[in-house]
Amino acid sequence: MIVARHISARPLLFMFAVLWLGYGLAGMWTTARISATGDEPLYLMAADAFAHGEGFDMSKRFESIATSSYAPDPPLGRESYLAQTAPSLRGDGRFPLHDLGLSMLLAAPLALGGRALVVVLLGGAMAAAVVLGTRAALQFGVSRGAAFVGGSLTGLAAPALTYSGQVFPDALAALPVAVALCVLVGSLPRAWLGVAVAVLPSLHLRFWPLAAALLLTGFALGVVRRGDLVKQLLPLAVVMTTIAAVDGLVYGLPVPHAGFLLFFREGAAGSVAAYTAHDAGGMLGLLFDRSRGLVPAAPVALLAFMGAGEFATRRLGRALLLAIVPYLLVVSLVDWTGAYSPHARYLAPLVAVLVVAIGAGVTRAPLAALVLGAWTVFQSGIYVVAAELRYDRLGALPLADQVWTGLLGFAPSALFPVVGRDAAQMIGAVLAAGILVLVGAWPIRPGRVVLSRRGLA
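How each quantity is defined
Residues numbered from 1 in each chain as written. Predicted model: local features only at pLDDT ≥ 70, side-chain atom pairs only at ≥ 80, totals over all residues. Heavy atoms only, no water. Helix = DSSP H or I, 4+ residues; strand = E, 2+ residues; numbered from the N terminus. 1 Å grid on protein atoms, 1.4 Å probe; cavity = no way out; pocket = protein on both sides within 12 Å on 5 of 7 lines; lining within 4 Å. Points joined across faces, edges and corners; volume = space filled by probe spheres on them. Nonpolar A, V, L, I, M, F, W, Y, C, P; charged D, E, K, R; others polar. Contact = heavy atoms within 4.5 Å. Phe/Tyr/Trp six-rings, centres within 6.5 Å; stacked < 30°, edge-to-face > 60°. Lys NZ or Arg CZ within 6 Å of the ring centre and 35° of its normal. pLDDT = per-residue confidence, 0-100. Salt bridge = Lys/Arg side-chain N within 4 Å of Asp/Glu carboxyl O. Buried < 20%, exposed > 50% of the residue type's maximum accessible area, 1.4 Å probe, protein only. Axes fitted to C-alpha atoms, helices over the stretch in contact; angles between N-to-C directions. Parallel < 35°, antiparallel > 145°, perpendicular 65-115°, else oblique. Left-handed = near helix turned anticlockwise from the far one by under 90°.

**Student:** Run through unusual backbone geometry, naming residues and quoting values.
**Tutor:** With an omega of 10°, the peptide bond between Asp 73 and Pro 74 qualifies as cis. By the secondary structure assignment, Pro 74 is in the loop between α3 (59-63) and α4 (78-83). Cis geometry is adopted by the peptide bond preceding Pro 159, which originates at Ala 158 and carries an omega value of 5°. Phi is positive for His 257, which is not a glycine, with a value near 65°. Within the secondary structure, His 257 sits in the loop between α11 (229-251) and α12 (258-265). A positive phi angle, near 55°, is found at Ala 339, a position not held by glycine.

**Student:** Explain empty space enclosed by the protein to me, and be specific about the residues and the numbers.
**Tutor:** Enumeration over the complete set of coordinates arrives at 4 cavities of 30 Å³ or more. Around the largest cavity sit Arg 290, Pro 296, Ala 297, His 343, Trp 375, Gln 379, Tyr 383, Pro 398, Asp 401, Trp 404, Pro 412 and Ser 413, which together line it. At the level of elements, α14 (294-297), α18 (366-385) and α19 (401-408) are the ones that each hand at least two residues to the lining of the largest cavity. The biggest single contributor to the lining of the largest cavity is α18, with 3 residues. The residue inventory of the lining of the largest cavity, partitioned by class, reads 7 nonpolar, 3 polar and 2 charged. Of the pockets and cavities examined, the second largest cavity occupies roughly 50 Å³. Lining the second largest cavity, in full, are Val 177, Leu 181, Leu 184, Leu 214, Leu 320, Ala 323, Ile 324 and Val 353. For the lining of the second largest cavity, the elements supplying multiple residues, two or more each, are α8 (169-185) and α16 (315-333). When its residues are assigned to classes, the lining of the second largest cavity shows 8 nonpolar, no polar and no charged.

**Student:** Pulling in residues and values, what's your account of the environment of Leu 350?
**Tutor:** Here Leu 350 shows up in the loop between α16 and α17 (351-364). Here the alpha-carbon distance between Leu 350 and Leu 175, two residues 175 residues apart in the chain, equals 9.2 Å. Beyond its immediate chain neighbours, meaning those up to four positions away, Leu 350 contacts Val 177, Leu 210, Ile 324, Tyr 327 and Leu 328.

**Student:** Which residues make up the packing of aromatic side chains, and what are the values?
**Tutor:** For any two aromatic rings, the description comes down to two numbers: the centre-to-centre distance and the angle of the planes. As enumerated under the stated definition, the model contains 11 aromatic pairs in all. For the ring pair Phe 50 and Phe 56, a centre distance of 4.9 Å and an interplane angle of 5° mean the geometry is stacked. Above the ring of Phe 140, the side-chain terminus of Arg 314 is found at 5.0 Å from the ring centroid.

**Student:** Describe the confidence of the model for the chain, listing the residues and the values that go with them.
**Tutor:** Any residue range with low pLDDT should be treated as having predicted coordinates unsuitable for detailed reading. For the chain, per-residue confidence averages 88 on the pLDDT scale, and 88% of positions sit at 70 or higher. Segment residues 444-450: pLDDT under 50, and 13 contacts once partners within four positions in sequence are set aside and those in other chains are kept. Low pLDDT (under 50) marks residues 452-457, which in the prediction has 18 contacts with non-local residues, meaning those over four places away or in another chain.

**Student:** Give me the lowdown on the pattern of salt bridges, citing residues and values where you can.
**Tutor:** According to the stated counting rule, one finds 6 salt bridges in the structure shown. Measuring nitrogen to oxygen at the nearest pair gives 2.7 Å for the salt bridge that ties Arg 61 to Glu 54. For Arg 61, a relative accessible area of 11% translates into the label buried. Across the salt bridge formed by Asp 401 and Arg 290, the nearest N and O atoms sit 3.1 Å from each other. Here Asp 401 is found in helix α19, whereas its partner Arg 290 is found in the loop between α13 (282-288) and α14, with 111 residues between them in sequence. The exposure class assigned to Asp 401 is buried, which follows from its relative accessible area of 9%. Connected via shared salt-bridge partners are Asp 170, Arg 206 and Arg 345.

**Student:** So, the packing of helix α5 (residues 101-140) against α17: which residues are in play, and what are the values?
**Tutor:** It is the contact of α5 with α17, at a shortest axis distance of 8 Å, that shows an interaxial angle of 40°. Taken as axis vectors, α5 and α17 run oblique relative to one another. Note on packing geometry: the crossing formed by α5 with α17 is right-handed. Only Val 351, Ala 352, Val 355 and Val 356 of α17 make contact with α5, whose side of the interface consists of Met 126, Ala 129, Val 130, Gly 133, Thr 134, Ala 136, Ala 137 and Phe 140. By residue class, the composition of the contact of α5 with α17 is 10 nonpolar, 2 polar and no charged.

Spelled out as structure tokens, the structure:
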């Protein structure tokens, strides 16, 4: 049974305000220096079309994209535009490939303040996710100091820092995942789980495994009683029915994720296999790849492996770890690099889980937290000041290495492999992962539990 602990709101609110201010300033700096990239223009174009009363037909927005706040550089060519949009069974026009949830949410702020306001609001959502993760860490038994250090370090690192200023569904998904996590650890009302779960698949198809696993975890832990099944599923049913109705109006196909279905049905996009990973990176790449992985971009994430060992000493912790496995498997099978986007894009929704794990890791290794934290803050500073250095090419040395070598004469990223380049590199990545798993598993031994059990029974 989970017993709620009294947690003061004032320091959490202060943390939220500081993070949101930081994310807002960094986001506005980024939008002033870096054009919208990757799929960002497509999400914003769809939101703009919706705000202009054009439904989601992006044709007119594409014609005037050069004068918009989200104009990409280099310009989005017509062939690329056609290859990244979907047809409709209702008539001519080009429509979003991606699910419509994010663009619907962004339409009003985009109309009021352009891409900059959108980025500021997404920064607020990410700040809230980090703070809720800190609240969950306190409830989980992480000490007050370690929880706030873990939250601060996670909030100042990739993917939280970098994706607070990127217009992707992964950035917004961090908030409902954080809400669900707080419900599971007993620091938010149970009714919020169903709402959080309902939001996720409306943002993107790939969030279904995460939504289902979080809901099932709630039932497995007894957080959600059997009699509450209908209540918890009702928000999901309402959201999916609404999305299906909207998709019917837009695409002429009244089922959720109709854009994806018609995109692949059209044939020009190629097969589904074309959108899965062609290299052997997968999860190793997502975590350790020198140019695109989480740990090289945010070395403090190494503490999460230590914290995961503490998770595994408790039924609740084991359930939380298992809940994210289906999602991690899915994203490791698609383009784990996140295409043209900053490091570890697909781990952005799990920011709150990282806060708890890193907070637990801080408890185990405070000296390592000091060293890794300083390393991470410097790396994050590079990404904020010179935002263009976030966008590395797969298989190439990180662009941020130019700053490191210019100041210190060496680049710490050399400690990490370029995943998928050759067999030796892959062997090195597997060995590194194995060592970290063993380090994380160390607390499972009897007598090695560090976290306080106060508040959990």
